[in-house]
Amino acid sequence: MAIATPTVDSGYDYQFVNTPPDRTHCIICHLPSRDPYLTECCGHVLCKCCLDKTRTTGCVVCPMCNDEKFITFSNKQLDREIKGLHVYCTNKEKGCEWHRELNEVNDHLGSSDGCQYEEVTCTVGCAKVMQRQHLTNHVETECPCRSVNCQYCHDAGEHQFIEGPHKDECPKYPMPCPNKCEIETVSRGDMEVHKSECPLEMIQCDYYSVGCEARMARKARERHDDENVKEHLMMTKLKLAKTEDALSSNKDKLVSTEEKLTSTEEKLTSTEGRLSKVEVMMQQLINKTWSNHLVAMATSTITGTQCCPVIVKMSQYAGNKKNAVYWYSKFFFTHHRGYKMCIGADASGNGDAKGSHLSAFLYLMKGAYDNELTWPLRGEFKLVLLNQISDSEHHSASPSFDATTP
């Protein structure tokens, strides 16, 4: 059995009932030997721990007779004799009267029903140190970490929490009415309901919306209404009159707004007429000034959305044809945030048309809104080469895009 002692690196430092014989004492620590060993050379006793420390320091001779062999062996018989000696409890000065054999000290000091004067640590968690005889009372009534139930809502938790933060939030905690009515306490969770019914709660007059600014206890409201019937009726009458005036004013504003809308519609109709005239004038200007330009117009129908026509021109048509220059228009979009495209033209012709006709192409370009669009592009386009001499004999083609278009 392991023995509990104040120190474990020397012999037994206990108060013995009877003085131990000198032959039991260690020649190093001079205490009754712990796990005793005998020297073969001179027969003296050493504790196992003292022997190990001696050898660790480099000593290779017997510390008593200086024998160089310094051979030792365990003495089990002496060990049993020493452990059978009677000792007092280490807490004798605190009041413990226990004294038994040395080999019973561990059980006496370590068991829950052992020495009541032994210092122990709180078993719940607060780390407080106390004598064992006070542990039960501490755990049950004093420890801030002990588990308790709220006496109002019965929630469980540590005592320090239940009596601290929880107490400030517990919905069942009794609180006095702030108006000091005849009900002494109301649970925190029911306080708002109580205040909505409390006869001493201060409230506004029922006629506040029409101008009465009086405040009174709820129980005095009926008397206030009875005493101020005429005043309340007068306030109500004035409020109704103001409301009628406001309605009349709003009616006038509505009539004025309708008149402005009518005027705006007339202006829009007039503006549309002027825009039509401007378009005619622009076409006439194109016919007069673009004699040395290629004029093309592109329109498209993308997923049912008709886009505005795009008119482009190629300057120096004759020079481009002579020098075989391939021309590209500025880019445009099929619709708002739509597909980016441009028109290309070979004035000297391409393929079978080379040398006899002009070749025009419609190109799809990488655009800023491609991530928002549906792919592949599907739709029909109309490309028109405009006759600048007269408003007839225009040349047109209707290319389309679908999943097979390269």
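The rules behind the values
- Throughout, residues of each chain are indexed from 1 in the direction in which the sequence is written.
- In view of the model being predicted, local features appear only for residues whose pLDDT reaches at least 70, and side-chain atom pairs are presented and counted only at 80 or more, with totals across whole chains, interfaces and linings using the full set of residues.
- Only heavy atoms go into the side-chain values, all of them from the structure, while hydrogens and water stay out.
- Criterion for a salt bridge: a side-chain nitrogen of Lys or Arg within 4 Å of a carboxyl oxygen of Asp or Glu.
- For the purposes of this entry, the term helix denotes a DSSP run of H or I that reaches at least four residues, the term strand denotes a run of E that reaches at least two, and both are numbered from the N terminus.
- We call a residue buried when its accessible area falls under 20% of the maximum for its residue type, exposed when it is over 50%, and partly exposed in between, using a 1.4 Å probe and counting protein chains only.
- Residue contacts follow a heavy-atom distance rule, with two residues in contact if any of their heavy atoms lie within 4.5 Å.
- Residues are said to line a cavity or pocket when one of their atoms sits within 4 Å of a point; the points come from a 1 Å grid over protein atoms alone, cavities being sets where a 1.4 Å probe fits but cannot get out and pockets being open sets with protein on both sides within 12 Å along at least five of seven lines.
- Grid points are joined across faces, edges and corners, and a volume is the space filled by probe spheres set on the points.
- In the scheme used here, Gly and all other residues not listed as nonpolar or charged are polar, with Ala, Val, Leu, Ile, Met, Phe, Trp, Tyr, Cys and Pro taken as nonpolar and Asp, Glu, Lys and Arg as charged.
- Any two strands with at least two DSSP bridges between them are considered paired.
- Whether two aromatic rings pair depends on their centres lying within 6.5 Å, for rings of Phe, Tyr and Trp, where Trp uses its six-membered ring; planes under 30 degrees apart make the pair stacked, over 60 edge-to-face, and the rest tilted.
- A score between 0 and 100, pLDDT records how confident the predictor is in each residue.
- Helix axes use the C-alpha atoms of the stretch in contact, all axes being lines fitted to C-alpha atoms, and the angles between their N-to-C directions lie in the range 0 to 180 degrees.

Let us now look at the pattern of salt bridges. All chains considered together, the criterion is met by eight salt bridges. Linking Arg221 and Asp206 is a salt bridge whose minimum nitrogen-to-oxygen distance equals 3.8 Å. On the criterion of sequence distance, the pair formed by Arg221 in helix H7 (residues 221–227) and Asp206 in the loop between strand S12 (202–204) and strand S13 (215–217) is long-range, its members being 15 residues apart. A relative accessible area of 47% places Asp206 in the partly exposed class.

It is worth spelling out the environment of Val17 at this point. Following the sequence through the fold, Val17 ends up in the segment before strand S1 (36–39). In contact with Val17, not counting residues within four places along its chain, are His86, Val87, Tyr88 and His99.

Here the largest pocket is characterised by a volume of approximately 280 Å³. For the lining of the largest pocket, the elements supplying multiple residues, two or more each, are helix H9 (317–323), strand S20 (359–365), strand S21 (379–385) and strand S22 (395–397). Taken together, the residues of the lining of the largest pocket sort by class into seven nonpolar, five polar and one charged.

The omega torsion across Trp375 and Pro376 is 0 degrees, close enough to zero to call that bond cis. Mapped onto the elements of the fold, Pro376 is located in the loop between S20 and S21. Here the phi dihedral of His30 falls at roughly 60 degrees; this positive angle occurs in a residue that is not glycine. With respect to the secondary-structure elements, His30 resides in the segment before S1. The exposure class of His30 is exposed, given its relative accessible area of 57%.

What follows covers empty space enclosed by the protein. In the structure shown here, the tally under the stated rule is three cavities of 30 Å³ or more. In this structure, the second largest cavity occupies an estimated 60 Å³ of space. Taken together, the residues of the lining of the second largest cavity sort by class into three nonpolar, two polar and two charged.

Here we come to the pairing of strand S19 (residues 340–346). For S19, the buried fraction is high: seven of the seven residues fall into the buried class. Here S19 shows a buried face lined by Lys340, Cys342, Gly344 and Asp346 and a second buried face lined by Met341, Ile343 and Ala345. Direction of pairing for strand S17 (residues 326–328) relative to S19: antiparallel, over a ladder of three bridges. Following the sheet pairing, Tyr328 is matched in S19 by Gly344. Judged from the two bridges that link them, strand S18 (residues 332–333) and S19 form a sheet pairing that is antiparallel. Within S19, the residue paired with Phe333 across the bridge is Lys340. With antiparallel pairing between neighbouring strands as the criterion, S18 and S19 make up a hairpin whose turn holds six residues, including Arg337 at a positive phi of roughly 60 degrees. Taken together, the seven bridges between S19 and S20 define a ladder with antiparallel strand orientation. Bridge pairing links Cys342 to Tyr363 in S20.

Turning our eyes to something else, we now look at the packing of aromatic side chains. Scanning all chains against the criterion turns up nine aromatic pairs. Each ring, one from Tyr152 and one from Tyr173, has its centre 5.3 Å from the other, and the planes form 85 degrees; the classification is edge-to-face. Here Tyr173 lies in the loop between helix H5 (159–162) and strand S10 (174–176) and Tyr152 lies in the loop between strand S8 (147–149) and strand S9 (156–158), a separation of 21 residues in the sequence. Judged by relative accessible area, which is 31%, Tyr152 ranks as partly exposed. Residue classification places Tyr173 among the partly exposed positions, given a relative accessible area of 22%. Where Phe333 meets Tyr369, the ring centres are 5.7 Å apart and the plane angle is 55 degrees; that geometry is what we call tilted. Of the two residues, Phe333 sits in strand S18 while Tyr369 sits in the loop between S20 and S21, which places them 36 residues apart along the sequence. With a relative accessible area of 30%, Phe333 lands in the partly exposed category.

This next bit is on the confidence of the model for the protein chain. Averaged over the protein chain, the pLDDT score is 85; the fraction of residues at 70 or greater is 89%. Taking the mean pLDDT of every element in the protein chain, the minimum, 42, falls on strand S15 (residues 305–306) and the maximum, 96, on strand S4 (residues 86–88). Below pLDDT 50 for its whole length, residues 1–6 participates in 20 contacts with residues either more than four positions away or in separate chains. Contacts from residues 288–294, a stretch scored under 50 in pLDDT, to residues over four places away or in other chains number 22 contacts.

It is worth spelling out the sheet that holds strand S3 (residues 72–74) at this point. If you walk across this open sheet you meet the three strands as S2-S1-S3, and the pairing is antiparallel. Either end of the sheet is taken by a strand with one partner, and the two such strands are strand S2 (45–47) and S3. Going across the sheet, the axis of each strand differs from the next one's by a mean of 35 degrees, ignoring polarity. Alignment of S1 against S3, held across three bridges, turns out to be antiparallel. By the bridge assignment for S3, Leu38 is matched with Phe73.

Moving on to the environment of Tyr208. Position of Tyr208 among the secondary structure elements: in the loop between S12 and S13. Distance from Tyr208 to Met235, taken between C-alpha atoms, is 9.6 Å for residues 27 residues apart in sequence.

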